[in-house]
Amino acid sequence: MTIFKEVLGEEHLTVSETKELLADVEAERAADPDREMRYELARAIEHANRFAVLSPEDSSALAEELRGMEKVDESTAYKIADLLPHDRDELRAVYAQERYSLSGDELDEILNVVAQYA
C-alpha cells in the first residue's frame, strides 16, 4: 500500500520570518505542560535563533526588493536575504548552481541592495 501526499501550497520564508513563527509554536508548547517539544522542533528553533539577523519585516522587504531585480528569482532572493553576502565571492556562491553567471555590475547592484539592510 502506497500513501501519496498532495502538496497543498508552497511559500518561501526568510529565517527571520521562520523564527517568528517558531516562537509562537514554542510559546504554545510551553503553555501546555503535558506536551513536549520534539527534537526536530527544538533544533529548528535553535537554528532560527542563531541565524536570524534581520527583523522579519526587514528581511521580507529585502527579499521583495531583490525579487524586483532582473537576474534574481524568488528562491534566490530569499536565499540572499538569509545569507546577507558581503562581497562578490559570497554572492557568486549563491549563484553557483545557476546556468548563468552575473557580471561585476550586476553583482554590485545586488550587494548595494543588501548593504542597505545589513
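Please read these numbers as outputs of a predicted model, since none were measured by experiment. (Residues numbered from 1 in each chain as written. Predicted model: local features only at pLDDT ≥ 70, side-chain atom pairs only at ≥ 80, totals over all residues. Heavy atoms only, no water.)

### Side note on the overall build of the chain
Link 1 in the chain: When helices and strands are tallied, the chain shows six helices and zero strands.
Link 2 in the chain: Going from N to C terminus, the chain has its helices and strands arranged as α-α-α-α-α-α.
Link 3 in the chain: Taking 13 Å as the expected radius of gyration for a compact globule of 118 residues, we find that the chain reaches 18 Å, considerably beyond that expectation.
Link 4 in the chain: Principal-axis analysis of the C-alpha atoms places the extent of the chain at approximately 55 × 40 × 20 Å.
Link 5 in the chain: Per-residue burial over the chain gives 29% buried out of 118 residues.
Link 6 in the chain: Pairs at least 24 residues apart make up 52% of the contacts formed inside the chain by residues separated by at least 6 positions.
Link 7 in the chain: A total of about 8600 Å² of accessible surface is found on the chain, and carbon and sulfur atoms cover 47% of it.
Link 8 in the chain: Charge centroids of the chain, computed over 13 positive and 29 negative side chains, lie 6 Å from each other. (Helix = DSSP H or I, 4+ residues; strand = E, 2+ residues; numbered from the N terminus. Rg over C-alpha atoms; globule rule 2.2 N^0.38 Å. Buried < 20%, exposed > 50% of the residue type's maximum accessible area, 1.4 Å probe, protein only. Contact = heavy atoms within 4.5 Å. Areas by Shrake-Rupley, 256 points an atom, 1.4 Å probe, with all protein chains shown as cover. Lys, Arg positive; Asp, Glu negative; His and termini not counted. Charge placed at Lys NZ, Arg CZ, Asp CG, Glu CD.)

### A short note on empty space enclosed by the protein
Link 1 in the chain: Tallying each qualifying case throughout the model produces one cavity of 30 Å³ or more.
Link 2 in the chain: Approximately 50 Å³ is the volume found for the largest cavity.
Link 3 in the chain: Breaking the lining of the largest cavity down by element, the ones donating at least two residues are α1 (15-31) and α4 (74-83).
Link 4 in the chain: Tallied by class, the residues present in the lining of the largest cavity amount to seven nonpolar, two polar and one charged. (1 Å grid on protein atoms, 1.4 Å probe; cavity = no way out; pocket = protein on both sides within 12 Å on 5 of 7 lines; lining within 4 Å. Points joined across faces, edges and corners; volume = space filled by probe spheres on them. Nonpolar A, V, L, I, M, F, W, Y, C, P; charged D, E, K, R; others polar.)

### Some details on a negative patch on the surface
Link 1 in the chain: A surface patch of negative charge is lined by Glu-20, Asp-24, Glu-57 and Asp-58.
Link 2 in the chain: With respect to the helices and strands, Asp-24 occurs in helix α1. (Patch = residues over 30% accessible without salt bridge, like charges linked within 9 Å, V, L, I, M, F, W, Y side chains within 5 Å. Salt bridge = Lys/Arg side-chain N within 4 Å of Asp/Glu carboxyl O.)

### Considerations on the nonpolar core
Link 1 in the chain: Core analysis: the biggest nonpolar cluster contains 20 residues, and Leu-62, Leu-66, Val-72, Ile-80, Leu-91, Tyr-95 and Ile-110 have the highest contact counts within it.
Link 2 in the chain: Those elements that place two or more of their residues in this core are α3 (56-67), α4, α5 (88-94) and α6 (104-117).
Link 3 in the chain: When sequence neighbours within four positions are dropped, the list of residues in contact with Leu-62 reads Leu-54, Ala-81, Leu-84, Val-113, Val-114 and Tyr-117.
Link 4 in the chain: Core analysis: the next-biggest nonpolar cluster, separate from the first, contains six residues, Val-15, Leu-41, Ile-45 and Ala-52 among them. (Core = buried A, V, L, I, M, F, W, Y, C linked by side-chain atoms within 4.5 Å.)

### Thoughts on the pattern of salt bridges
Link 1 in the chain: On inspection of all chains with the given rule, the structure shows eight salt bridges.
Link 2 in the chain: One salt bridge in this structure joins Glu-64 and Arg-67, with 3.2 Å as the shortest N-O distance. Of this pair, Glu-64 and Arg-67 both sit in helix α3, separated by three residues, roughly a single helical turn.
Link 3 in the chain: Residue class for Glu-64 comes out partly exposed when judged on its relative accessible area of 41%.
Link 4 in the chain: Residue Arg-88 is joined to Asp-108 by a salt bridge in which the shortest nitrogen-to-oxygen separation is 2.6 Å. Pair noted here: Arg-88 is in helix α5 and Asp-108 is in helix α6, with a separation of 20 residues, a long-range link.

### Topic: the environment of Asp-108
Link 1 in the chain: By relative accessible area, Asp-108 is classed as partly exposed at 27%.
Link 2 in the chain: Between the C-alpha atom of Asp-108 and that of Ser-16, which follows or precedes it by 92 residues, the distance is 24 Å.

That is the geometry; function is a separate question.
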